[in-house]
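Inside the fold
Chain by chain, the residues run as shown.
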Amino acid sequence: MNDPSRRYRSYEWKALRKRIIYERSVCKSCDLSFKHTKSPLQIHHTYYLRDKTHEPWDYPDSCFELLCKECHEWTHRHNKIPYFDKHPIPGVFHNGLYE
């Protein structure tokens, strides 16, 4: 999947998104509940890996934040999303291996 927008329409991403929304249910920044917003809550990556072999859903849950659309847009406008060579949290279980 070379087209990034296709990745976010994939079954894997939709399943992860649904699970994170179910588990967390509110925007991390403003506490807006998914029940009280007209726009869906969004999943934000707190970092990316440089090697580009990871799919958007191929990160530990600790990498994701649940944000409303407005907070997600604000976060991208005001913060640079860091890139790492490997997961920054020691002992992260990833693809069946501890890194």
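Only a predicted model underlies this, so the values are computations on that prediction, with no experimental measurement involved.

1. Details of the environment of Tyr59
By the element assignment, Tyr59 lies in the loop between β2 (48–49) and β3 (64–67). Excluding residues within four positions of it along the chain, Tyr59 makes contact with His45, Tyr47, Tyr48, Leu49, His54, Phe64 and His87. Within the structure, Tyr59 has its side chain in polar contact with the backbone nitrogen of Leu49 (distance 3.0 Å).

2. Re unusual backbone geometry
Of note, Ser25 is a non-glycine position whose phi angle comes to about 60°, a positive value. On the secondary structure map, Ser25 appears in the loop between α2 (11–24) and β1 (42–45).

3. Regarding the confidence of the model for the protein
Mean pLDDT over the protein works out to 81, with 80% of the residues at or above the 70 mark. Contacts from residues 93–99, a stretch scored under 50 in pLDDT, to residues over four places away or in other chains number 14 contacts.

4. Describing the pattern of salt bridges
According to the stated counting rule, one finds five salt bridges in the structure shown. Between Glu55 and Arg7 there is a salt bridge, with its nearest N and O atoms 2.8 Å apart. Taken together, the positions of Glu55 in the loop between β2 and β3 and Arg7 in helix α1 (residues 4–7) put the pair 48 residues apart, joining distant regions of the chain. The closest approach of N and O atoms between Asp61 and Arg19, which form a salt bridge, is 2.7 Å.

Cut-off values and rules
Residues numbered from 1 in each chain as written. Predicted model: local features only at pLDDT ≥ 70, side-chain atom pairs only at ≥ 80, totals over all residues. Heavy atoms only, no water. Helix = DSSP H or I, 4+ residues; strand = E, 2+ residues; numbered from the N terminus. Contact = heavy atoms within 4.5 Å. Polar contact = N/O pair within 3.5 Å; in protein donor to acceptor, adjacent residues only side chain to side chain. pLDDT = per-residue confidence, 0-100. Salt bridge = Lys/Arg side-chain N within 4 Å of Asp/Glu carboxyl O.

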